[in-house]
Amino acid sequence: NHRPPFFKGWPTAGPVLLDTAGSCIAMHGWLAKQLTWPAEDVVRGVCKQIYELGHGVWLDPRLEVFHP
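What this report covers is the structure whose coordinates are included nearby. Since the structure is predicted, the reported quantities are computational estimates derived from the model, not experimental observations. (Residues numbered from 1 in each chain as written. Predicted model: local features only at pLDDT ≥ 70, side-chain atom pairs only at ≥ 80, totals over all residues. Heavy atoms only, no water.)

**Quick look at the overall build of the protein chain**
- Secondary structure summary: the protein chain contains two helices and two strands in total.
- Reported as C-alpha extents along the three principal axes, the dimensions of the protein chain are approximately 35 × 25 × 20 Å.
- The 68 residues of the protein chain split such that 19% are buried.
- Taking the intrachain contacts of the protein chain between residues at least 6 apart in sequence as the baseline, contacts between residues at least 24 apart amount to 57%. (Helix = DSSP H or I, 4+ residues; strand = E, 2+ residues; numbered from the N terminus. Buried < 20%, exposed > 50% of the residue type's maximum accessible area, 1.4 Å probe, protein only. Contact = heavy atoms within 4.5 Å.)

Right, dumping it as structure tokens:
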């Protein structure tokens, strides 16, 4: 579905730890400066680097992203 809940069991209360993300990622500049966007796996590669640096990728289901 394109509106919440996107699938059965969709979290609604608070942030959820993800393996990887898509299309829109917000992060601190100090972290972004340590990352590259690998051509072979792009966003998945960025998420992998975030974990390798000891951080996590989180989804806040209370937020929305709009693409103009």
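**What to know about the side chain of Gln 49**
- Here Gln 49 shows up in helix H2 (residues 42–52).
- Filtering out sequence-adjacent residues up to four positions away, Gln 49 remains in contact with Gln 34, Leu 35, Thr 36 and Pro 38.

**As for the pattern of salt bridges**
- According to the stated counting rule, one finds one salt bridge in the structure shown.
- Put simply, Arg 62 and Asp 60 hold a salt bridge, and the shortest N to O gap is 2.8 Å.
- What makes Arg 62 exposed here is its relative accessible area of 52%.
- Relative accessible area serves as the criterion here: at 22%, Asp 60 is assigned to the partly exposed category. (Salt bridge = Lys/Arg side-chain N within 4 Å of Asp/Glu carboxyl O.)

**Describing a nonpolar patch on the surface**
- Side chains of Leu 17, Tyr 51 and Trp 58 sit close together on the surface and give an oily, nonpolar patch of about 330 Å² of accessible area.
- Locating Leu 17 in the fold gives a position in strand E1 (residues 16–18). (Patch = residues over 30% accessible without salt bridge, like charges linked within 9 Å, V, L, I, M, F, W, Y side chains within 5 Å. Areas by Shrake-Rupley, 256 points an atom, 1.4 Å probe, with all protein chains shown as cover.)

**Comments concerning unusual backbone geometry**
- In this structure, Val 42 is a non-glycine residue whose phi angle is positive, near 35 degrees.
- Judged by relative accessible area, Val 42 falls into the partly exposed class, the value being 38%.

**With respect to H2**
- The set of residues buried in H2 consists of Val 43, Gly 45, Val 46, Cys 47, Gln 49 and Ile 50.
- Buried-residue contacts for H2 involve helix H1 (29–32) and strand E2 (57–59).
- Residue Gly 54 follows H2 closely and has a positive phi angle near 90 degrees.

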